[in-house]
Amino acid sequence: MGKATPIPKIRLGINIDHVATLRNARGDALPDPIRAAQLAAEAGADNITAHLREDRRHIRDHDIARLLSEVDCPLNMEMAATKEMTEIATKAIPPATCLVPERREEVTTEGGLDVVGQRDVLAPVVAALSGAGTKISLFIDADPSQIEAAAGLSVPAIEIHTGAWCHAADEGRQDKAETEWNAIVEGAAYAHSLGLEVHAGHGLNYVTAEKISSIPEIVELNIGHFVVGEAVFVGLGESVRRIRAAMDRGRALADAGRGDRIA
Ligand code: PXP
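Every value quoted in this text rests on a predicted model; they were computed, and no experiment measured them.

(A) Region of interest: the sheet that holds strand β5 (residues 135–140). Read once around its circumference, the closed barrel built from eight strands follows the order β1-β2-β3-β4-β5-β6-β7-β8, with strand pairing classed as parallel. Across this sheet, the average inter-strand angle for adjacent strands is 25°, counted without regard to direction. Lying on the sheet, helix α8 (residues 174–193) is in contact with β6 (157–161), β7 (197–201) and β8 (218–223); it crosses β6 at an angle near 175°.

The structure is reproduced here in structure tokens:
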């Protein structure tokens, strides 16, 4: 048997939205999400992720400007596929953008984009963003029809929504967790076979981040709420280092056992 191709490094994107949530609770300037982004970068984050929501409930427009000008770490701007957000992103041109579904009343991003049903809405946004030179990913469930539709839009990357798996795993619902896990494993392999770069995120913690890092096709995780919550107890630098270490342990497993799966 030939030597297995090394598995690509897995990148860590730290989502700092909830530092802004805390700041906005007092309507003041602190805690500063830009300081959090700088600390996360120093502690080993490869990207900073921030979601500029329509209602600006956490990240605000000036945060995006400062993340781009003051932080020495590439920004992945999460955004809805709206005219307003497209105008902002095509002016600011963050290195990466992730298109997410957004409903005002939701607590967080619940479920992936319906790329199959929303193709006509998404296509012009994808065209505008890629014309501006930002690398686009689509946040979708690990559903083969959504993955095919994403590939059909010629985006370079998808981010698989891991929320359903993480919730089931956290609550000890084994059967559901296994079903969701299998969908993620199969979805990642399918997307990779179609030429898509595969990211994943939502609801990840030390345990689930370690496990999902063993999937060799996944090359980026985006993690926010848990890491910011942990920072209350161990400090932000330490929570970033711990999640990074968990990912490295998971990747080592992949290197040990499944390296020959990657083409
Ligand atoms: N990826 C995307 C596309 C998201 O919308 C979010 C939540 O903002 C995350 C990752 C991070 O999820 P969490 O905060 O649960 O780690």
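(B) Quick peek at the pattern of salt bridges. Tallied over the entire structure, the rule returns 18 salt bridges. Between Asp55 and Arg57 there is a salt bridge whose closest N-O contact spans 3.0 Å. Since its relative accessible area comes to 26%, Arg57 is described here as partly exposed. Across the pair Arg242 and Glu238 runs a salt bridge whose closest N-O atoms are separated by 3.0 Å. Placement of both Arg242 and Glu238 in helix α11 (residues 236–257) is noted, with a separation of four residues, approximately one turn of the helix. Shared partners join several salt bridges into a network, and the residues in it are Lys9, Asp46, Arg244 and Asp248.

(C) Quick peek at the state of the cysteines. Taken as a whole, this structure holds zero disulfides when the rule is applied. Cys166 takes part in no disulfide bond, and the closest cysteine sulfur, belonging to Cys98, lies 15 Å away.

(D) Fine view of the site of the ligand. Taken together, 13 residues form the shell around the ligand, and within it Glu78, Glu159, Gly203, Gly224 and His225 come nearest. Within the side chain of Glu78, one N or O atom sits 2.9 Å away from an oxygen atom of the ligand. Taking Gly224, its main chain carries an N or O atom lying 2.8 Å from an oxygen atom of the ligand. Across the complex, the protein chains shield 95% of the 400 Å² of accessible surface that the ligand would expose by itself. Classifying every residue of the shell around the ligand by side-chain character gives three nonpolar, seven polar and three charged.

(E) Just the layout of surface pockets, in detail. Taken as a whole, the second largest pocket holds about 280 Å³ of empty space. Forming the boundary of the second largest pocket are 13 residues, of which Val19, Leu22, Pro31, Ala36 and Leu236 lie nearest the centre. Of all the secondary-structure elements, those providing two or more residues to the lining of the second largest pocket are α1 (17–26), α2 (33–42) and α10 (225–234). Looking at the lining of the second largest pocket, its residues break down into 10 nonpolar, one polar and two charged.

(F) Quick look at unusual backbone geometry. With an omega of -5°, the peptide bond between Leu30 and Pro31 qualifies as cis. Within the secondary structure, Pro31 is located in the loop between α1 and α2. The backbone of Arg56 shows a phi angle near 55°, a positive value even though the residue is not glycine. Take Arg56: it is sitting in the loop between β2 (47–51) and α3 (61–70).

Here is what the cut-offs are and how they apply
Within each chain, residues carry numbers counting from 1 in the order of the written sequence. This being a predicted model, a pLDDT of at least 70 is required before a residue's local features are given, and a value of 80 or more before pairs of side-chain atoms are given or counted; all residues contribute to the totals for chains, interfaces and linings. Side-chain measures here rest on the full set of heavy atoms in the structure, leaving out hydrogens and waters. Between any two strands, pairing holds if DSSP finds at least two bridges. Numbering of helices and strands runs from the N terminus; a helix is a DSSP stretch of H or I covering at least four residues, while a strand is a stretch of E covering at least two. For every element, the axis is a line fit to its C-alpha atoms; helices are fit only across the contacting stretch, and the angle between N-to-C directions ranges from 0 to 180 degrees. Residue contacts are counted whenever heavy atoms from the two residues lie within 4.5 Å of one another. When a carboxyl oxygen of Asp or Glu is within 4 Å of a side-chain nitrogen of Lys or Arg, the pair counts as a salt bridge. Throughout, exposure labels follow a simple rule: accessible area from a 1.4 Å probe, protein chains only, divided by the maximum for the residue type, with under 20% read as buried, over 50% as exposed, and the rest as partly exposed. Any pair of cysteine sulfurs within 2.5 Å is marked as a disulfide. Any residue with a heavy atom lying within 4 Å of a molecule or strand is counted as near it. Contacts described as polar in this section are N or O atom pairs within 3.5 Å, which, within protein, must combine one atom able to donate a hydrogen with one able to accept it, while residues neighboring in sequence count only if both atoms come from side chains. With residues, only the protein chains shown are counted as cover, and all accessible areas are computed by Shrake-Rupley using a 1.4 Å probe. Throughout this entry, Asp, Glu, Lys and Arg are counted as charged residues, while Ala, Val, Leu, Ile, Met, Phe, Trp, Tyr, Cys and Pro are counted as nonpolar. The remaining residues, Gly among them, count as polar. Of the grid points, spaced at 1 Å and generated over the protein atoms alone, those admitting a 1.4 Å probe that cannot get out make up cavities, while open sets with protein on both sides within 12 Å along at least five of seven lines make up pockets; any residue with an atom within 4 Å of a point is treated as lining. Grid points are joined across faces, edges and corners, and a volume is the space filled by probe spheres set on the points.

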